Amino acid sequence: MLPTSLAVAIATAAMTLVPALLLLWAWRRGLFRDLDAQSRVIFEPRDWRIERPWEAPSDRLAREAAHGPLESPQPGEWGGAGRSDTA
Amino acid sequence: MSAPDTPRFGSVEAARGRLTLEEVGAIASSRGLAPEDLEVRLRADASSRRAVLALFAVALGWLIIGTIFGDIASIKLHSPDFLTRTSWLTFGRVRTAHLHAVNYGWATAALIGMALWLMPRLVHTELKGVPIAIGGAVLFTIGIAAGIVAVLAGWSDGMEWLEAPRWLAGPFLVIGGGLIGLSLFWTVASRKSEHLYVSVWYILGAFIWFPMLYLVGKWPTYVGVESAAANWFFAHNVLGFWLTALSVGGAYYFIPKVLGRPIYSYQLSIVGFWSLAMFYSLNGMHHLVGGPLPTWMITTSIVASVFMFIPVVATAINLHMTVVGRFGALRYSPTLRFVVLGAFAYTAVSLQGSFTALREVNRVTHFTHWTVAHSHVGAYAFVTFVAFGAMYYIVPRLVGHEWPSERLIRWHFNLVLAGIAIYVVALSWAGVAQGLALLDPATPFQESLRRTLPGLWARTFGGLLLTAGHLVFAYHFWIMVRTPERARRTRPPFHEARPVLYTAEAEAARR
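Quick caveat, the model's predicted, so the values are computed rather than measured.

S.K.: Give a detailed account of the overall build of chain A, specifying residues and quantitative values.
M.R.: Looking only at helices and strands, chain A has four helices and zero strands in total. Among the 87 residues that make up chain A, the fraction classed as buried is 24%.

Structural data, given as structure tokens:
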């Protein structure tokens, strides 16, 4: 029965094995080193300092202690119209 | 992080306001950024601006067209005499046109736009090969349009999700998609960031997987049952390896970015990506449970479907635990509202898919409306919601001013949320009722259809709500992009006020 779906079987095997080899290559290449820094690569200093209205006071104090005084958010800060604008 | 040596100037700069080097420095210091960081960010956004906005506009056009086709097809299921005199609006054509318009025209174009914007930001450089990417987007759009027109005219390859004629639409889609992929890979190859964030893996993976799937799916020599196997190999994998990969990649960026905290477990995100890469390709055959295929293929597919718990749970834990305790943020961020709900839908649809693959469940749900509801949880509640959230975040940063109306955002969100909820609940219920009736030898076939009617009417109502939500969003996008004098009443988003940086004089002084 194998020839019935040979193309699918080969493609499936390739799509399973090739990622495994790629994973090995990426590992040896060091692309998974320092994952903590990798997880923070999307942030800028300001991301840690914006005041977030939904935040618990304890979280806010912790961020202030770690990053200094917090800054006020601006319209569009989190993607969308400012809450005050309802036109 | 050093600034690029050869800044790119072009029509973006000509079209936009300019900042002097000193102004950039002033903005950067007021925002707690090094001027170089701000510069890299602004250049990244400016480089992808034209391609991304064009793709978003095209995607929205297809979204409107596609949902209108969907509404027509939905009405025909409970009112079969509706629009029967026009051949190109018969069910077989209009339903297929709907599928192509929303999955390729809308979701694919919107997610490619998102990827073109995200990638330069993720690797801290400009988008490379902008003309190549734009050319690719144009060809891709021509391919989609040609495919849909051909399908409406009755010219189809006859494989689900692959109906667009291979010799008409195929070359445009292959070359267009290839050019966009080339631009993305070139960008990554030129990266200035040491690290590859997990979203980069998802986006690059998607652009490697899709051509392989298309090639196998469109291979022109299949006969009989081979076609079914190849068909579902493509149709299921295009969800997991293309739409899901791009959407999860986007969610991994927008959720932590908006919340201002890293994802819950970065290690788990790596596990999630690589387990998806290794296990997902076996899944498609579970659509053919009970069909005339080798038993080993079906069984392997069912096992792989259960294996999908690993990437799904890994991704679910990550995305949900990042938000836990911060659900209040959803009130403030439309982006987060859409993307977080999309992430929930991803978890739901994936687990639902794994259970539906089991023979005992499939026995009831196969050949029923359940499958249609399931695919809408995936393609709409997950993929489309992430795409909406991404657009709410990206567009203000490209046009330099805020979305003009919070009210329109609320209308959009409420309409599409209500629409998809009604759609999925009603159709899932109708699917189970239909499946149970079909299994009962004492129940006439016609009765199994009659029992689905309330669900089909509700589906049409839900679909009309979705269409209304899309029209609201398209109108909002239009006034955002085309009538800035209205939109500029609000202040621009932070430190992307005027994305183009330098006057020629300032640039000369900088050198």
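Anyway, onward from the coordinates.
S.K.: Tell me about helix α13 (residues 334-357) of chain B, and name the residues and values.
M.R.: Between its first and last C-alpha atoms α13(B) spans 34 Å; for 24 residues at 1.5 Å apiece the expected length is 34 Å, and the two agree. In terms of residue burial, α13(B) counts as a mostly covered element, since 18 of its 24 residues are buried.

S.K.: Kindly report on helix α7 (residues 198-218) of chain B, identifying the contributing residues and their values.
M.R.: Residues that lie three or four places apart on an α-helix share one face, since the helix turns once every 3.6 residues. In this model, α7(B) (21 residues) spans 30 Å end to end at C-alpha, consistent with the 30 Å of a helix rising 1.5 Å per residue. Judged by how many residues are buried, α7(B) sits mostly within the fold: 15 of 21 residues are covered.

S.K.: Could you give an account of the environment of Leu213(B), naming the residues involved and the relevant values?
M.R.: All names here are of chain B. Relative to the helices and strands, Leu-213 is located in helix α7. Exposure remark for Leu-213: the 25 C-beta atoms within 10 Å place this residue in the buried category. Linking Leu-213 and Ser-281, residues 68 residues apart in sequence, is a C-alpha distance of 9.5 Å.

S.K.: Any chance you could break down the packing of helix α4 (residues 91-123) of chain B against α7(B) for me, citing the residues and the numbers?
M.R.: Residue and element names in this part refer to chain B. Remark: α4 packs on α7, axes separated minimally by 10 Å, with the N-to-C direction vectors making an angle of 140°. Taken together, the axes of α4 and α7 are oblique relative to one another. Our pair here, α4 against α7, has a crossing hand that is left-handed. Here Ala-115, Leu-118, Met-119, Leu-122 and Val-123 of α4 come into contact with α7, specifically with Ser-199, Val-200 and Ile-203. When the residues that make up the contact of α4 with α7 are grouped by side-chain class, the tally is seven nonpolar, one polar and no charged.

Rules used throughout
Numbering of residues starts from 1 in each chain and follows the order in which that chain's sequence is written. Numbering of ligands from 1 and lettering of chains from A proceed in the order in which they are written. Local features in this predicted model are restricted to residues of pLDDT 70 or higher, and side-chain atom pairs are both shown and tallied only at a pLDDT of 80 or more, whereas totals for entire chains, interfaces and linings draw on every residue. Where helices and strands are cited, they refer to DSSP runs of H or I of at least four residues and of E of at least two residues respectively, numbered from the N terminus. Counting other C-beta atoms within 10 Å of each residue's C-beta, where C-beta atoms are placed from the backbone, gives the exposure class: buried for 20 or more, exposed for 12 or fewer, partly exposed between. Expected helix span is given by 1.5 Å per residue-to-residue step, counting one fewer step than there are residues. To obtain each axis, a line is fitted to C-alpha atoms, and for helices this fit is confined to the stretch in contact; angles are then taken between N-to-C directions over 0 to 180 degrees. When an angle is under 35 degrees it counts as roughly parallel; over 145 it counts as roughly antiparallel; between 65 and 115 it counts as roughly perpendicular; any other value is oblique. Crossing handedness is defined as follows: a turn of the near helix away from the far one that is anticlockwise and smaller than a right angle gives a left-handed crossing, while the clockwise case is right-handed. Note on contacts: residues are paired as contacts if their backbone-placed C-beta atoms lie within 7 Å. Gly is placed with the polar residues, together with every amino acid not listed as nonpolar (Ala, Val, Leu, Ile, Met, Phe, Trp, Tyr, Cys and Pro) or charged (Asp, Glu, Lys and Arg).

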